[in-house]
Amino acid sequence: MSLPNILKDFNLFGDGNNWQGKIPSLTLPELARRMVEYEGGGMDGPIEVDQGMQLMTMEWTAGGLIVDGLFDSFGSPVHDAAMLRMNGSYESDETGQVVPVEVIVRGRHKTIGMGEGSKGDNNTMSITTTISYYKLTVDGEDIIERDVPGFIFKVRGEDRLEKRRKALGL
């Protein structure tokens, strides 16, 4: 029998601030391609043509109030003003092997929901960050790197936009 590696713990850093114990949950960015249908003469049906990546977002929840590293970049005119780094510890219940996972994103905080306040209750903040840079590293290996303004998209070291950049003189 084989069991999956399970996320046993994680930590989130925002612009260098350590938010250990302050982030109860997060939703990592979805990797999704923009596809459009195409059907030409002589084809038996449509196919989907890849038009690049969709807009990526990361949604996360903070327990209580976080100020440092969150509001400093809010409303910035710079597309990558905010940096988030999630370090995760995935572990096998078969072997005990720990697989480190790191996700680095740069972008802008689009929404900061201050949550509902109620005396004595744990309040939470909900944040949505739009992403212009994304990097996924698993056990020291760079798996995905995407730099939208830099026109870079790498999968396990293969630069899938290199030929296009060259054709465009970039």
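Quick caveat, the model's predicted, so the values are computed rather than measured.

A. Just the overall build of the chain, in detail. Each helix and strand in the chain was counted, giving one helix and twelve strands. For the chain, the α and β elements follow one another from N to C terminus as β-β-β-β-β-β-β-β-β-β-β-β-α. For 170 residues, the compact-globule estimate of 2.2 N^0.38 gives 15 Å, and the chain exceeds it by more than 25% at 19 Å. The dimensions of the chain, computed from C-alpha atoms along their principal axes, are 70 × 50 × 35 Å. A fraction of 57% describes how many contacts in the chain between residues 6 or more apart in sequence connect residues 24 or more apart. Surface exposure of the chain reaches about 10,700 Å², of which carbon and sulfur atoms provide 49%.

B. Seen up close, the confidence of the model for the chain. For the chain, the mean per-residue pLDDT works out to 94, and 99% of the residues sit at or above 70. When pLDDT is averaged over each helix and strand of the chain, the minimum, 94, is found for strand 5 (residues 47-53) and the maximum, 98, for strand 10 (residues 141-147).

C. Representation of a nonpolar patch on the surface within the structure. Judged by side-chain polarity, Leu 65, Val 67, Phe 71, Phe 74 and Met 114 come together as a nonpolar surface patch covering roughly 460 Å² of accessible area. Topologically, Leu 65 is positioned in the loop between strand 6 (56-63) and strand 7 (82-92).

D. Up close: the nonpolar core. Counting residues in hydrophobic clusters, the biggest one holds 26 residues, and the most contacted among them are Leu 12, Trp 60 and Tyr 134. Elements represented by at least two residues in this core include exactly strand 6, strand 7, strand 8 (98-113), strand 9 (124-138), strand 10 and strand 11 (152-155). Counting residues per element, this core draws most heavily on strand 9, which supplies five residues. With sequence-adjacent residues up to four places away left out, Trp 60 is seen in contact with Leu 12, Trp 19, Ile 23, Ser 25, Leu 26, Leu 70, Leu 84, His 109, Met 125, Ser 126, Ile 127 and Thr 129.

E. Unusual backbone geometry, seen in detail. The phi angle at Asp 139 is positive, at roughly 50 degrees, despite the residue not being glycine. The backbone of Phe 151 sits at a positive phi, close to 55 degrees, despite the residue not being glycine. Structurally, Phe 151 is set in the loop between strand 10 and strand 11. The partly exposed category is assigned to Phe 151, whose relative accessible area is 24%.

F. Expanded view of the packing of aromatic side chains. Tallying each qualifying case throughout the model produces one aromatic pair. Their ring planes at 20 degrees and their centres at 5.2 Å tell us that Trp 19 and Trp 60 sit as a pair that is stacked. Of this pair, Trp 19 sits in the loop between strand 2 (17-18) and strand 3 (25-27) while Trp 60 sits in strand 6; the two residues are 41 residues apart in sequence, bridging distant segments of the chain. Taking the ring centre of Phe 153 as reference, the NZ or CZ of Arg 33 above it sits at 4.9 Å. Looking at Arg 85, its charged tip hangs above the ring of Phe 13, at a distance of 4.1 Å from the centre.

G. Here's a closer look at the environment of Gln 54. Note on placement: Gln 54 falls in the loop between strand 5 and strand 6. Overall, Gln 54 belongs to the partly exposed group, its relative accessible area being 34%. As a C-alpha pair, Gln 54 and Arg 34 span 20 residues in sequence and 5.3 Å in three-dimensional space. The residues contacting Gln 54, other than those within four sequence positions of it, are Ala 32, Arg 33, Arg 34 and Arg 146. From its side chain, Gln 54 meets the backbone oxygen of Arg 33 in a polar contact 3.5 Å long.

Here is what the cut-offs are and how they apply
Residues numbered from 1 in each chain as written. Predicted model: local features only at pLDDT ≥ 70, side-chain atom pairs only at ≥ 80, totals over all residues. Heavy atoms only, no water. Helix = DSSP H or I, 4+ residues; strand = E, 2+ residues; numbered from the N terminus. Rg over C-alpha atoms; globule rule 2.2 N^0.38 Å. Contact = heavy atoms within 4.5 Å. Areas by Shrake-Rupley, 256 points an atom, 1.4 Å probe, with all protein chains shown as cover. pLDDT = per-residue confidence, 0-100. Patch = residues over 30% accessible without salt bridge, like charges linked within 9 Å, V, L, I, M, F, W, Y side chains within 5 Å. Salt bridge = Lys/Arg side-chain N within 4 Å of Asp/Glu carboxyl O. Core = buried A, V, L, I, M, F, W, Y, C linked by side-chain atoms within 4.5 Å. Buried < 20%, exposed > 50% of the residue type's maximum accessible area, 1.4 Å probe, protein only. Phe/Tyr/Trp six-rings, centres within 6.5 Å; stacked < 30°, edge-to-face > 60°. Lys NZ or Arg CZ within 6 Å of the ring centre and 35° of its normal. Polar contact = N/O pair within 3.5 Å; in protein donor to acceptor, adjacent residues only side chain to side chain.

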